[in-house]
Amino acid sequence: MTLHRILSWTPTAVVFDCDGTLMDTERHWMEARQYTFDTAGLDAPAGFAERAKGLHYTECGQLMADETGHPELGPDLADTLLKRFRTLVQERPVTMPGAREMVEAAAAFAPLAVASNCPREVVESCLDSAGLLRFFRTVVVPDDSLRPKPYPDVYLTAAKYCEAFPGETMAIEDTHCGILAAVRAGLRVVGVGPWPGEETASLVDLWAETLADPEITGWASKRPAARTPARAMRTPSQAGPRSAVR
């Protein structure tokens, strides 16, 4: 898809990542990872932060353990990591540039959802503290039946809750891991953040430095308003029938 086509398209639904896309939490993950390494008396391997970006916290904890030669410590490191991250998020919730404006504009023309690798209570607490939770029909996170990104499950399920086919749905993501999940689910993708390099950028339909980019905000503000009002957040048992996790 060309730049012109993505900016002339109106998706049936929009699914946002949370960390690094809506909420500025990557700084908290970085601090929590370093705290976890230090607490365990381990040295962070070179380049670890980039490899860990976007991973589910359990996978990150195991990666920390594996790369430091202590695979048996995976569950303990993951537990420490999550606890420290939760503390930092509660102390300093910050939205990403343009996130609030983009969510408000998108909610006027499509149902919205969040697809995240973070625990539900963390995502909902972050969004609620920022005054954004009320705009979303649902928050989808990994559980016993939904695999984390880069598997497509959370994006497929988020589209389902919004009663949209994956191909009708736009994903907004900031990490390679999350972009892979959205692409594998069949969604069209807008990538956000510092230029990631050609490998990642080639996967998306459009890359913007922030959601405050005038092209993005202008596009969102000019979409035709939805014919029906957005519905309240729903539980999995209330999801619509238009698509299924595969």
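See the structure shown above.
Residues numbered from 1 in each chain as written. Predicted model: local features only at pLDDT ≥ 70, side-chain atom pairs only at ≥ 80, totals over all residues. Heavy atoms only, no water.

A. Spatial organisation of the packing of aromatic side chains. The tally for this structure, following the rule as stated, stands at four aromatic pairs. Seen from their ring centres, W29 and F85 are 3.6 Å apart, and the 5° between their planes marks the pair as stacked. Of the two residues, W29 sits in helix α2 (residues 26-40) while F85 sits in helix α5 (residues 74-91), which places them 56 residues apart along the sequence. Given a relative accessible area of 9%, W29 falls into the buried group. With a centroid separation of 5.2 Å and 80° between ring planes, the pair formed by F37 and F48 is classed as edge-to-face. In this pair, F37 sits in helix α2 while F48 sits in helix α3 (residues 48-52), placing the two residues eleven residues apart along the sequence. Per residue, the accessibility class of F37 equals that of F48, and both read buried. Seen from the ring of Y35, R84 lies directly overhead, with NZ or CZ sitting 4.7 Å from the centre. (Phe/Tyr/Trp six-rings, centres within 6.5 Å; stacked < 30°, edge-to-face > 60°. Helix = DSSP H or I, 4+ residues; strand = E, 2+ residues; numbered from the N terminus. Buried < 20%, exposed > 50% of the residue type's maximum accessible area, 1.4 Å probe, protein only. Lys NZ or Arg CZ within 6 Å of the ring centre and 35° of its normal.)

B. Looking closely at the sheet that holds strand β6 (residues 206-208). The six strands are arranged β3-β2-β1-β4-β5-β6 in an open sheet whose pairing can be described as parallel. With partners counted over all chains shown, the strands left at the sheet margins are β3 (138-140) and β6, one partner each. Ignoring which end each strand starts from, the neighbouring axes of this sheet average 25° apart. Two elements, strand β1 (residues 13-16) and strand β4 (residues 169-173), share four bridges in a ladder whose sense is parallel. Residue pairing for β4: V15 is matched across the bridge by A171. (Pairing = 2+ DSSP bridges. Axes fitted to C-alpha atoms, helices over the stretch in contact; angles between N-to-C directions.)

C. View of the nonpolar core. Counting 52 residues, the largest nonpolar core has F16, L22, L127, F136 and I172 as its most contacted members. Once residues lying within four places of it in the same chain are set aside, the contact partners of L127 are C18, L22, M23, V114, L132, L133, F136 and V139. By size, the runner-up hydrophobic cluster in this structure holds 22 residues, among which are V140, Y155, A158 and A171. (Core = buried A, V, L, I, M, F, W, Y, C linked by side-chain atoms within 4.5 Å. Contact = heavy atoms within 4.5 Å.)

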